[in-house]
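The primary structure of each chain is shown beneath.
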Amino acid sequence: MAASKKAVLGPLVGAVDQGTSSTRFLVFNSKTAELLSHHQVEIKQEFPREGWVEQDPKEILHSVYECIEKTCEKLGQLNIDISNIKAIGVSNQRETTVVWDKLTGEPLYNAVAAPVSPGPSVPVAVVPSGSSVPAAGTSSVWLDLRTQSTVESLSKRIPGNNNFVKSKTGLPLSTYFSAVKLRWLLDNVRKVQKAVEEKRALFGTIDSWLIWSLTGGVNGGVHCTDVTNASRTMLFNIHSLEWDKQLCEFFGIPMEILPNVRSSSEIYGLMKISHSLKAGALEGVPISGCLGDQSAALVGQMCFQNGQAKNTYGTGCFLLCNTGHKCVFSDHGLLTTVAYKLGRDKPVYYALEGSVAIAGAVIRWLRDNLGIIESSEEIEKLAKEVGTSYGCYFVPAFSGLYAPYWEPSARGIICGLTQFTNKCHIAFAALEAVCFQTREILDAMNRDCGIPLSHLQVDGGMTSNKILMQLQADILYIPVVKPSMPETTALGAAMAAGAAEGVGVWSLEPEDLSAVTMERFEPQINAEESEIRYSTWKKAVMKSMGWVTTQSPESGKNVFVYYYHIFLVC
């Protein structure tokens, strides 16, 4: 029998999407942006102590190899020739810190992580002092809180009238970002100290570790990062787009261990994979795109214009607004960050970033703590039964209020209850709470940018909830636009890779971008009703304040007050 004919689809582009809970490899048609195949592997998180979250960098790397291998197998089953994969992009969890030995390729410690949302917006548990350091060979991921004391001591060295850290980086001094994690490793892990002394150590966020490993590792691996990931380390000057000597001296970081900073779209190096694997056919394919996950989603949503914004709905929400070539510094607790730089000679774009700490987490709370739903999907059915909260408002301030309030004394409340209120109304109020919090962040962005949003582009797991999306449009009183292809983060990394000079299979010119099918949710209430509901929400928020007037019983310290102080300083 004659061999089946391979499908001819034109140039393909792959994307590694490496997150905190899983790794994926996805392959797109560069002419249509169609997702052709993908594979996902769950990865473990380790919790050696309260407030410590770690992952094994080698497990992360092996999960990437497995995803590439399985996706190539699936493409083969679809008669798609994997030799048509012309480039690979990388999108990654940001801030997570890895240090490894450049001579052996072995990680010197676990990857260390950051709090759930950046900067002062996260009240965190105090890590007890005097505990032993866990065994080496794993990684500390972005959720990790062990650097609290490091942040506290560093904050005392920042002059009140000259916050050079924030002015250079756009970031508040926080456990969230990589510099303090790296400082902790240098202070506490002898293997890291010794490797630095002997000039064997390399530092990077997850993108750096993957690119170095995939381009050869100890055999000529490329040690680099892109501007979006560099901008989340607190060592990078977002104006000059270089590692900053003053910041490195402030944190005590030797500059020779830092990766080279490149644009988000250029050829960094070529894939080197064992020919014993099906994925060995990708040997020599350029890795040519790199973006932190939220920047990748911004690109994947094609938010290329000043004033365009996207919101990713997950455990929390991450909102990014493109501010063009201008760094906008927030007066309302938002972060200034690099959005992307799509080419070595292309201009840099900046963004304001804000986060809602409790989004999908409130749904899990209703499921796991109250038991009023059995699965997260059930909340849409309950909310649909009533179509209203019937005057019930839910403020999920489980650990205080964040931007724009920064109020540590607040706690969660459900108010406006009557004898008529049932679990359906509470479910509806929980969905409204996500939308009201999003509006508060977007209002802060509007005040900082001076550019009112005409619509909001959305992605993330919660966007499959149509009730939530309609509520969001009603509460913002602007259209909410959701792409039919939900993999915007991986798509952004693929677009950057395919558009790189020397690859050129994906045009980012407006007239060439594939038209993406969108689902559009228009406001269905009048502006007056929208404002009344929002003002009632604000009244409920006021009622949530002032509940905690003593120290936190969990920690013996009011850690939120400490972070609130850091926010004011920063």
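Residues numbered from 1 in each chain as written. Predicted model: local features only at pLDDT ≥ 70, side-chain atom pairs only at ≥ 80, totals over all residues. Heavy atoms only, no water.

Focus on the sheet that holds strand β1 (residues 12-18)
Then comes step 1: The six strands lie next to each other as β3-β2-β1-β5-β15-β14, forming an open sheet whose pairing is mixed. Because the sheet does not close on itself, it has two edges, and the strands there are β3 (35-42) and β14 (265-270). On average, each strand axis in the sheet is tilted by 25° relative to the strand beside it, whichever way the strands run.
Then comes step 2: Pairing analysis gives three bridges linking β14 to strand β15 (residues 286-292), with the strands arranged antiparallel. Within the sheet, the bridge partner assigned to Ser265 lies in β15 and is Gly289.
Then comes step 3: Along the sheet, helix α6 (residues 206-214) contacts β1, β5 (85-92), β14 and β15; its crossing angle with β5, the most-contacted strand, is approximately 150°.
Then comes step 4: In the packing of helix α9 (residues 293-300) onto the sheet, the strands contacted are β5 and β15, and the crossing angle to β15 comes to about 105°. (Pairing = 2+ DSSP bridges. Helix = DSSP H or I, 4+ residues; strand = E, 2+ residues; numbered from the N terminus. Axes fitted to C-alpha atoms, helices over the stretch in contact; angles between N-to-C directions. Contact = heavy atoms within 4.5 Å.)

What about the sheet that holds strand β19 (residues 349-356)?
Neighbouring strands of a sheet are bound in pairs by backbone hydrogen bonds; such pairs are parallel or else antiparallel.
Then comes step 1: Pairing within the open sheet is mixed, and its seven strands lie in the order β18-β19-β17-β16-β22-β23-β24. Only two strands of the sheet have a single neighbouring strand rather than two, namely β18 (335-340) and β24 (518-521). Each adjacent strand pair in this sheet contributes to an overall mean axis angle of 30°, direction not counted.
Then comes step 2: Two strands pair when backbone bridges link them, and strand β16 (residues 309-313) and strand β22 (residues 456-459) are joined in this way by three bridges, in the parallel orientation. Residue pairing across strands places Lys310 opposite Gln457, the latter belonging to β22.
Then comes step 3: Relative to β24, helix α13 (residues 466-476) is tilted by about 55°, and along the sheet it contacts β16, β22, β23 (480-483) and β24.

Comments concerning the pattern of salt bridges
Then comes step 1: Enumeration according to the criterion identifies 25 salt bridges in this entry.
Then comes step 2: For Arg232, the salt bridge goes to Glu95, with nearest N and O atoms at 2.7 Å. Highlighted residues: Arg232 in the loop between α7 (227-230) and β11 (236-237) and Glu95 in the loop between β5 and β6 (97-101), separated in sequence by 137 residues. We note that Arg232, like Glu95, is buried.
Then comes step 3: Where Glu198 meets Arg200, a salt bridge forms, and the shortest distance between an N and an O atom there is 2.7 Å.
Then comes step 4: In the salt-bridge network here, residues are joined through shared partners; they are Arg94, Glu95, Arg232, Asp293 and Glu353. (Salt bridge = Lys/Arg side-chain N within 4 Å of Asp/Glu carboxyl O. Buried < 20%, exposed > 50% of the residue type's maximum accessible area, 1.4 Å probe, protein only.)

Considering helix α11 (residues 378-386)
Then comes step 1: Three or more residues of α11 are buried, namely Ile379, Leu382 and Ala383. The buried residues of α11 all sit within an arc of 95° when viewed along its axis, so they share a single face. Structural note: α11 exposes Lys381, Lys384 and Glu385 on the side pointing more than 90 degrees away from its buried face.
Then comes step 2: Close packing links the buried residues of α11 with α10 (360-370), α12 (423-449) and α13.
Then comes step 3: Looking at the residues trailing α11, positive phi occurs at Gly387, about 70°. (Arc of directions from axis to C-beta.)

Comments concerning the packing of helix α2 (residues 148-155) against helix α4 (residues 178-188)
Then comes step 1: In the contact formed by α2 and α4, the axes pass within 9 Å of each other and the chain directions differ by 105°. Here α2 is positioned roughly perpendicular relative to α4, judged by the angle of their axes. Along the contact surface, α2 presents Thr150, Val151 and Leu154, while α4 presents Val180, Arg183 and Trp184.
Then comes step 2: For the contact of α2 with α4, a count of residues per class yields four nonpolar, one polar and one charged. (Parallel < 35°, antiparallel > 145°, perpendicular 65-115°, else oblique. Nonpolar A, V, L, I, M, F, W, Y, C, P; charged D, E, K, R; others polar.)

A look at unusual backbone geometry
Then comes step 1: Backbone geometry at Asn79 places phi at a positive 60°, although glycine is not the residue there.
Then comes step 2: Structurally, Asn79 is set in the loop between α1 (57-77) and β5.
Then comes step 3: Given a relative accessible area of 26%, Asn79 falls into the partly exposed group.
Then comes step 4: In this structure, Glu95 is a non-glycine residue whose phi angle is positive, near 70°.
Then comes step 5: Overall, Glu95 belongs to the buried group, its relative accessible area being 2%.

Treat this as a map of the structure, not an account of what it does.
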